[in-house]
Amino acid sequence: MQIKNAIFAACLAATTTALPATQSNTFNLIAIHSASGVQYATFNAAKSSIFAGLASQNASCARPEEQVATFYLNNGALYLYDQSATPQELYVDRSGMGQGKIGYTTGAQSAPRNAEREGWAVKDGHLQFAGSDLIACPNSIENSWSIWAAAGVSNPAGNSDCVGIAARVEETSNPNGCLYTE
Ligand SMILES: *[C@@H]1O[C@H](CO)[C@@H](O)[C@H](O)[C@H]1NC(C)=O
């Protein structure tokens, strides 16, 4: 692990200037819904899904002690930030099967059949998909919340007690590069 981190840090130093010029700023996300348990929980990425309030993402990161996910937008598509050549890109499945499922693919993995890649945008400091705010549902993993896109289902995929949230964008000038778990 230490050797891996050392190599990673060296790569980080070497490739910092090689980022595509079109890449927008990197940011973290914070859930906002006052008087709810999800209020101020930071977004995480793990197991090809997006959470808020996870104690441990178990990702391979340049700064492994940090447990928040770092994102960036590129032409309406949303990515997890890393310095490696393996992209992790988000998708949304608003079909009857997906009910607003937000996931991410790693490298050349294909997204589910009905998945959409584009439609992400920041409005008034909040990240939205297709012009709508996101949804957080209580999750059994570490008392966290799973994060969903709005697809006309207020409690998607058999979840209960879900709440609408604003996903507040907090830009970071020193992003933590991570490869998140699949
Ligand atoms: C991270 O790893 C710990 C220890 O194996 C485990 O308890 C926890 O559920 C994992 N978290 C995720 C999000 O995979």
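About the criteria used
- Residues numbered from 1 in each chain as written.
- Predicted model: local features only at pLDDT ≥ 70, side-chain atom pairs only at ≥ 80, totals over all residues.
- Heavy atoms only, no water.
- Helix = DSSP H or I, 4+ residues; strand = E, 2+ residues; numbered from the N terminus.
- Buried < 20%, exposed > 50% of the residue type's maximum accessible area, 1.4 Å probe, protein only.
- Contact = heavy atoms within 4.5 Å.
- Near = heavy atom within 4 Å.
- Polar contact = N/O pair within 3.5 Å; in protein donor to acceptor, adjacent residues only side chain to side chain.
- Areas by Shrake-Rupley, 256 points an atom, 1.4 Å probe, with all protein chains shown as cover.
- Nonpolar A, V, L, I, M, F, W, Y, C, P; charged D, E, K, R; others polar.

(A) Broad picture of the overall build of the protein. A count of helical and extended segments in the protein gives 1 helix and 14 strands. A buried classification covers 43% of the 182 residues belonging to the protein. Within the protein, contacts between residues at least 6 apart in sequence are counted, and of these 60% link residues at least 24 apart.

(B) Summary view of the site of the ligand. Near the ligand the following residues occur: A46, K47, L54, S56, N58 and E142. Between the ligand and S56, the relevant distance is 3.4 Å, taken from a nitrogen atom to a main-chain nitrogen or oxygen of the residue. N58 is positioned with one of its side-chain polar atoms (N or O) 2.4 Å from an oxygen atom of the ligand. When the ligand is considered free in solution it has 360 Å² of accessible area, and contact with the protein chains removes 53% of it. Of the residues in the shell around the ligand, the class split is 2 nonpolar, 2 polar and 2 charged.

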